[in-house]
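Structure assessment
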Amino acid sequence: MAAESELNTGLLLFIPYRALENRVFAVLAEAGFDDFTPAQARVLQRVGPDGTRLTELAEQAQVTKQTAGFLVDQLEKTGYVRRVPDPRDGRARLVCLADRALAARSVAQGVVAEVEKEWEAHLGKRRMTQLREALTLLREITDPWAGDA
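Residues numbered from 1 in each chain as written. Predicted model: local features only at pLDDT ≥ 70, side-chain atom pairs only at ≥ 80, totals over all residues. Heavy atoms only, no water.

Focus: the sheet that holds strand β1 (residues 52-53)
Worth spelling out the cut-off: Pairs of strands are assigned from DSSP output, requiring at least two bridges between the strands. Secondary structure elements follow DSSP: runs of H or I no shorter than four residues count as helices, runs of E no shorter than two count as strands, and numbering proceeds from the N terminus. By definition, residues are in contact when any of their heavy atoms lie within 4.5 Å. For every element, the axis is a line fit to its C-alpha atoms; helices are fit only across the contacting stretch, and the angle between N-to-C directions ranges from 0 to 180 degrees.
Strands sit in the order β1-β3-β2 across an open sheet of 3 strands; the sheet is antiparallel. Looking at which strands have only one partner, the edges of the open sheet turn out to be β1 and β2 (81-86). Strand direction decides the pairing type here: β2 and strand β3 (residues 89-97), joined by 6 bridges, are antiparallel. Bridging from a neighbouring strand, V81 pairs with L97 of β3. The strands touched by helix α4 (residues 65-77) are β2 and β3; relative to β2, the strand with the most contacts, the crossing angle is about 115 degrees.

Structure, rendered in structure tokens:
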């Protein structure tokens, strides 16, 4: 493996993210939420509180509309999402989180909080605060949906 100084910043950001994601998926599986994939989770994470159109999910997940539709079909079959008419456009449908997704999200949020406490214990409160501030600032120039969160 490359020396720490040779790792690019993107990889240095990705390694802890992947560790966090693996922990979340392991605990979700233990809690009975073992029937969705990371690809499905990436779509699921983008469903807004009032529902989201499939085209928006595809754009935000950076997949084709067909791929997003396939992933949403799978999530619907396993009870994580439901499709409802869009009140703003009778021809359109919204993908909404179902109770199963809300329960899974609650479990995942607990794991994320636990991991962040571990990171803070390792880095120290000051560095953890600086890390969050720096990443929040980077989001301004890297996340086209930052205002949607």
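Describing the packing of helix α3 (residues 54-61) against α4
Just so we agree on the cut-off: Small angles under 35 degrees read as roughly parallel and large ones over 145 as roughly antiparallel, with 65 to 115 read as roughly perpendicular and the rest as oblique. Classification used: nonpolar for Ala, Val, Leu, Ile, Met, Phe, Trp, Tyr, Cys and Pro, charged for Asp, Glu, Lys and Arg, polar for all others including Gly.
With their axes 8 Å apart at the nearest point, α3 and α4 run at an angle of 110 degrees to one another. Relative to α4, the element α3 lies roughly perpendicular. Side by side, α3 and α4 meet where L54, T55, L57 and A58 of the first sit next to K65, A68, G69 and V72 of the second. Considering only residue class, the contact of α3 with α4 consists of 5 nonpolar, 2 polar and 1 charged.

Don't take any of this as a statement about function, it's just geometry.
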